[in-house]
Amino acid sequence: VLSHNLCTVLNVPHDPVALEEHFRDDDEGPVSNQGYMPYLNKFILEKVQGNFDKVEFNRMCWTLCAKKNLSKSPLLISDEDAFKVWVIFNFLSEDKYPLIIVPEEIEYLLKKITEAMGAGWQQEQFDHYKIALNTSREGLSAWELIDLIGSGQFSKGMDRQTVSMAINEVFNELILDVLKQGYLLKKGHKRKNWMERWFVLKPNIISYYVSEDLKDKKGDIILDGNCCVEALPDKDGKKCLFLIKCLDKTFEISASDKKKKQEWIQAIQSTVNLLRAGSPPPHKEARQKRKELRQKLLAEQEELERQMKELQAANENKQKELETVRKQLEAAAARAAEEEKKRLQTQVELQDRFSLELEREKMVRQKMEEQVAQKSSELEQYLQRVRELEEMYKQLQEALEDEKQARQDEETVRKLQARLLEEETAKRAELEKWHLQQQQTIQMTEAEKQELENQRMMKEQALQVAMEQLKQLELERKEALEQYEEVKKKLETAANNTKSWKDKVAHHEGLIRLIEPGSKNPHLITNWGPAAFTEAELEERQRSWKGKKATSE
């Protein structure tokens, strides 16, 4: 029955004849593990192609072992949740028999369940549990793990439904390879209508169902390295659109909001990138890395233990060597004591002999010191004389330099005196020349002075005449200014009358433009206002002044 059920679940053809032949000569019968395992490996497991439902296979194995091993005490989780925890245990356990899950993987699983429940992870509580666990064993069995999660030790304050949903979410991710799932709107290929579907993203496929119970499957989107996903602008009243392009089809999808749209695009793009790189799903890759890290740490720990054993053995050898050396040192110390006595006797004899030789050496040294002192005194006198000669030589050098500099200064002064005499002679000649010129200039200046005096008198007379004319012009200007003020008043009166007349005409006709009379001759403007004469009159008066000035000169 077991073999037939295994073949059915694993999609392997069952061969009853091979089973009977395999157990034909087995004295212990078909239930013997010793005889059944070779048959299981050869006739069933070697024929498995991988196209079977792993969940059903796990469920059959669970049926075989759960009744015997599952705890009878009441748990916070249901039997279905216990089955999912058991399957997760088989995924995370170590690859050696009996199967156990190490504390690192327990922490990983409990963290995932806690995050799925939306609760905070209690690291300190788990550290205490881990310390208590490490003191007794290396890890937990599947049934101990079910008891740990079912006891609610790390899910206090959570109800059964929340814990069940969290276990189901972790089961979907780790076992069913569900990377993301949720409701989306999909546009049909034939009728072009939008229908809500429950989408499930796996490492190489996206399946969509009528609802989240996964009973009515509507289709699949096969993913490979050539697929791509891109965002679309809003159209036809649909928002948060994105497009999944495959080799044979293109799928238009609409999310409920921008956040879900971005999450789905990122999740699908990450899956396609993993397919292009040939990498496994993230949770499997993470499990492999954790396993490699544990193996590495275990290898380092074993290497450290081996080195500690070597050091301990080396230490024991060193202790033995030190004991041997200590005994040798004790024997050597006894020999050294005997030799020390002999050495002291010899030292006393040598000390007496050295004392005599030392006295003789002292006398010789005193004589040598007296000779050295005498030589030193002679050397000091000789050095003193050398220093005096050097000082005299320096003084002679300085005297020669001073004499040489004095001669150069004398020559420079002599040349300067000669040049000054020459310049003084030239200046005297030049002064005499200037004196003659000055006398001639004085004579000429007397005549010019008389002539300038006559001219000055004539200019003063012309100036008086001009002043009288200027006064006359000032009187004429004042009279003209008074006349201008009168004319200005009359003009303003006329302008006011004209303005009122213009306003009346513009009001009645609106198109007539009055032409005002302008000045016939341009007027000059002075600092006191408008001039009392025209530009032609000013030119006439200028010519008159010039004629009078020429006559007076």
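Residues numbered from 1 in each chain as written. Predicted model: local features only at pLDDT ≥ 70, side-chain atom pairs only at ≥ 80, totals over all residues. Heavy atoms only, no water.

**Looking at the overall build of the chain**
- The secondary structure content of the chain amounts to 12 helices and 9 strands.
- A compact globule built from 553 residues should have a C-alpha radius of gyration of about 24 Å, whereas the chain, at 65 Å, is more than 25% larger.
- For the chain, the spread of C-alpha atoms along the principal axes amounts to about 175 × 150 × 45 Å.
- If you take every contact in the chain between residues at least 6 apart in sequence, the share linking residues at least 24 apart comes to 54%.
- Total accessible area on the chain stands at roughly 41,900 Å², and carbon and sulfur atoms take up 53% of it.
- Within the chain, one finds 90 positive and 100 negative side-chain charges whose respective centroids are separated by 6 Å. (Helix = DSSP H or I, 4+ residues; strand = E, 2+ residues; numbered from the N terminus. Rg over C-alpha atoms; globule rule 2.2 N^0.38 Å. Contact = heavy atoms within 4.5 Å. Areas by Shrake-Rupley, 256 points an atom, 1.4 Å probe, with all protein chains shown as cover. Lys, Arg positive; Asp, Glu negative; His and termini not counted. Charge placed at Lys NZ, Arg CZ, Asp CG, Glu CD.)

**Re the packing of aromatic side chains**
- Per the counting criterion, the structure on display carries 11 aromatic pairs.
- Between the aromatic rings of W62 and F83, the centroid separation amounts to 6.0 Å while the plane-to-plane angle is 65°, which identifies the pairing as edge-to-face. Placement of the pair is W62 in helix α4 (residues 54-69) and F83 in helix α5 (residues 79-92), with a sequence separation of 21 residues. Comparing W62 with F83, the two get one shared label, buried.
- Through successive ring pairs, a cluster of aromatic residues spans W62, F83, W86 and W143.
- Over the face of the ring belonging to F91 we find R287, whose NZ or CZ atom lies 5.0 Å from the ring centre.
- Directly above the ring of Y108 sits R290, whose terminal nitrogen or CZ lies 3.7 Å from the centroid. (Phe/Tyr/Trp six-rings, centres within 6.5 Å; stacked < 30°, edge-to-face > 60°. Buried < 20%, exposed > 50% of the residue type's maximum accessible area, 1.4 Å probe, protein only. Lys NZ or Arg CZ within 6 Å of the ring centre and 35° of its normal.)

**Regarding the pattern of salt bridges**
- Across all of its chains, the model carries 23 salt bridges by this definition.
- Here E107 and K111 are joined by a salt bridge, their closest N and O atoms 3.6 Å apart. With a gap of 4 residues between them, E107 and K111 both fall in helix α6 (residues 103-117), about one helical turn apart.
- Relative accessible area serves as the criterion here: at 30%, K111 is assigned to the partly exposed category.
- Among the salt bridges present, the one from D220 reaches K217, with a minimum N-O distance of 3.0 Å.
- Assessed through its relative accessible area of 31%, D220 is described here as partly exposed.
- The class for K217 is partly exposed, based on a relative accessible area of 41%.
- Counted as one network, the salt bridges with shared partners bring together K187, K235 and E252. (Salt bridge = Lys/Arg side-chain N within 4 Å of Asp/Glu carboxyl O.)

**A word on the domain arrangement of the chain**
- Here the domain parsing of the chain yields domain 1 (53-155) and domain 2 (180-280).
- For domain 1 and domain 2, the distance between their C-alpha centres works out to 33 Å. (Domains from an automatic or database assignment.)

**What about the side chain of K261?**
- Counting through the fold element by element, K261 comes out in helix α10 (residues 258-277).
- For the buried K261, no salt bridge exists, and the shortest N-O distance to an oppositely charged side chain is 5.5 Å, to D234.
- The contact partners of K261, leaving out residues within four places of it in the chain, are A231, L232, C240, L241, F242 and A255.

**Examining the nonpolar core**
- Membership of the largest hydrophobic core comes to 40 residues, with the highest contact counts inside it found for W62, W86, I106, L109, I113, I146 and I149.
- Secondary structure elements with two or more residues in this core: α4, α5, α6, α7 (123-136), α8 (142-150) and α9 (160-174).
- The leading source of residues in this core is α5, at 9 residues.
- With near-sequence residues (within four places) excluded, I106 lies in contact with I101, F126, L133, L140 and L148.
- Grouped together as the second largest cluster of nonpolar side chains are 21 residues, C227, I244, C246 and A255 included. (Core = buried A, V, L, I, M, F, W, Y, C linked by side-chain atoms within 4.5 Å.)

**Here's the deal with α9**
- Taking 1.5 Å of rise per residue, the 15 residues of α9 would be expected to cover 21 Å, and the 21 Å separating its terminal C-alpha atoms lies within 8% of that figure.
- V163, A166, I167, V170, F171, N172 and L174 are the residues of α9 that are buried. (Expected span 1.5 Å × (residues − 1).)

**Describing the sheet that holds strand β1 (residues 180-187)**
- Strand order in the open sheet formed by 7 strands is β4-β3-β2-β1-β7-β6-β5, with antiparallel pairing between adjacent strands. Of all strands in the sheet, those bounded by a partner on one side alone are β4 (217-222) and β5 (228-232). Ignoring which end each strand starts from, the neighbouring axes of this sheet average 35° apart. (Pairing = 2+ DSSP bridges. Axes fitted to C-alpha atoms, helices over the stretch in contact; angles between N-to-C directions.)

**Focus on the UniProt feature "domain: PH" (unreviewed entry) in the chain**
- Per the UniProt annotation, the sites labelled "domain: PH" (unreviewed entry) are residues 177-273.
- In residues 177-273, helix accounts for 16% and strand for 44%; the two terminal C-alpha atoms are 16 Å from one another. (UniProt positions renumbered as here; feature names shortened; annotations may be inferred.)

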